[in-house]
Amino acid sequence: DGTFASTRDVTHQYALPGVYAITLVVTGSGNACIDTKIFNVEVYPNPAAGFTTNIANQCFPGHQYIFTNTSTVSAGALKYTWKLGDGTIQSDTDVTYSYAKPGLYSVKLLVTAPGGCLDSSSANINVYPTPTAGFTAPPVCIDLPVLLKNSTINNTASVINYLFRSQTLHRIRH
């Protein structure tokens, strides 16, 4: 890339991927003795890891997360390692996954480009537990109040809301 250095050891960063010829010229004995070594250094592009999630917060059971890979690299093919936060590891480009139990999970995508260049992206997703609705109601005569006894189980860490709705299913005719 046209740069020069005259120190014993050199550190240099390349701005663009490619193959660069490095020439080392050493002189001794008053510049009378010279040796040259040429070495090619291959510089690979860095990947940019990324992904999207269909819905970050879903309820258990019946949830399905779709992780869509948006990773890029300027040249070459990428390899993918998905760590889904529950010990599951997958290597597909995109992942569809359902968790075995509610919880907060950290999903991480690690992308590897040619030459071993790495990048990662992560996001937290929440699988919420669903409260279990339940109530009892005894038979009652017309024009008498009916007691609806709520037996809902709140297995969540939050306050739940209740909505009772009544509709006529059928009428008894004599």
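Below you will find a few notes about this structure. (Residues numbered from 1 in each chain as written. Predicted model: local features only at pLDDT ≥ 70, side-chain atom pairs only at ≥ 80, totals over all residues. Heavy atoms only, no water.)

Scanning all chains against the criterion turns up 8 aromatic pairs. Between Tyr65 and Phe67 the ring centres are 6.0 Å apart and the planes differ by 5°, which places this aromatic pair in the stacked class. We note that Tyr65, like Phe67, is buried. Plain terms: the ring middles of Tyr97 and Tyr99 are 4.8 Å apart, the flat faces sit at 90° to each other, and that makes the pair edge-to-face. With respect to class, Tyr97 is no different from Tyr99; both count as buried. (Phe/Tyr/Trp six-rings, centres within 6.5 Å; stacked < 30°, edge-to-face > 60°. Buried < 20%, exposed > 50% of the residue type's maximum accessible area, 1.4 Å probe, protein only.)

Further remarks concern the sheet that holds strand S3 (residues 51–53). Spatial strand order, S3-S5-S8: 3 strands in an open sheet with antiparallel pairing. Lying at the two open borders of the sheet, with one neighbouring strand each, are S3 and strand S8 (95–97). In this sheet, neighbouring strand axes are inclined to one another by 15° on average, regardless of whether the strands run parallel or antiparallel. Sheet topology note: the S3/strand S5 (residues 65–69) ladder contains 3 bridges and is antiparallel. Along S5, the bridge assignment pairs Thr52 with Thr68. (Pairing = 2+ DSSP bridges. Helix = DSSP H or I, 4+ residues; strand = E, 2+ residues; numbered from the N terminus. Axes fitted to C-alpha atoms, helices over the stretch in contact; angles between N-to-C directions.)

Counting 19 residues, the largest nonpolar core has Phe67, Trp82, Leu84, Tyr99, Val107 and Ile125 as the members making the most contacts within it. Contributions of two or more residues to this core are made by S5, strand S6 (79–83), S8, strand S9 (103–112) and strand S10 (118–129). Ranked by the residues each element gives to this core, the list is headed by S9, at 4 residues. (Core = buried A, V, L, I, M, F, W, Y, C linked by side-chain atoms within 4.5 Å.)

Here we come to a nonpolar patch on the surface. The grouping of Phe135, Val140, Leu144, Val146, Leu148, Tyr162 and Phe164 at the surface amounts to a nonpolar patch, some 670 Å² of accessible area in total. Tracing the chain through its elements places Phe135 in strand S11 (residues 135–136). (Patch = residues over 30% accessible without salt bridge, like charges linked within 9 Å, V, L, I, M, F, W, Y side chains within 5 Å. Areas by Shrake-Rupley, 256 points an atom, 1.4 Å probe, with all protein chains shown as cover. Salt bridge = Lys/Arg side-chain N within 4 Å of Asp/Glu carboxyl O.)

Sheets are built from strands paired through backbone hydrogen bonds, the pairs being either parallel or antiparallel. Overall, mixed pairing links the 5 strands, which are arranged S4-S10-S9-S6-S7 in an open sheet. Each edge of the sheet is formed by a strand with only one pairing partner; in this case those strands are strand S4 (57–60) and strand S7 (89–90). Where S6 meets S7, 2 bridges bridge the pair, whose relative direction is antiparallel. Bridge pairing in S7 links Trp82 to Gln90.

Another aspect to go through is the pairing of S6. Burial of the side chains of S6 is restricted to one face: Tyr80 and Trp82 are buried, whereas none of Lys79, Thr81 and Lys83 on the reverse face is. As judged from the 5 bridges shared by S6 and S9, these two strands associate in the antiparallel manner. When the sheet's bridge partners are listed, Tyr80 is paired in S9 with Val111. If you look at the hairpin formed by S6 and S7, you'll find 5 residues sitting between the two strands, and Gly85 has a positive phi there, around 90°.

It is worth spelling out unusual backbone geometry at this point. Cis peptide bonds are those with omega within 30 degrees of zero, and the linkage from Phe60 to Pro61 qualifies with -5°. Of note, Pro61 is situated in the loop between S4 and S5. For Asp143, which is not glycine, the phi torsion reads 65° and is therefore positive.

So, on to the side chain of Asn69. Its location among the elements puts Asn69 in strand S5. Look at Asn69 and you get buried, because its relative accessible area is 13%. In this structure the side chain of Asn69 is engaged in a polar contact, spanning 2.8 Å, whose partner is the side chain of Ser71. At 3.1 Å, the side chain of Asn69 forms a polar contact with the backbone oxygen of Thr93. Look past the residues within four positions of Asn69 in its chain and what remains in contact with it is Gly50, Phe51, Tyr80, Trp82, Thr93, Asp94 and Leu109. (Polar contact = N/O pair within 3.5 Å; in protein donor to acceptor, adjacent residues only side chain to side chain. Contact = heavy atoms within 4.5 Å.)

Without other data, these values stay purely geometric and don't point to any function.
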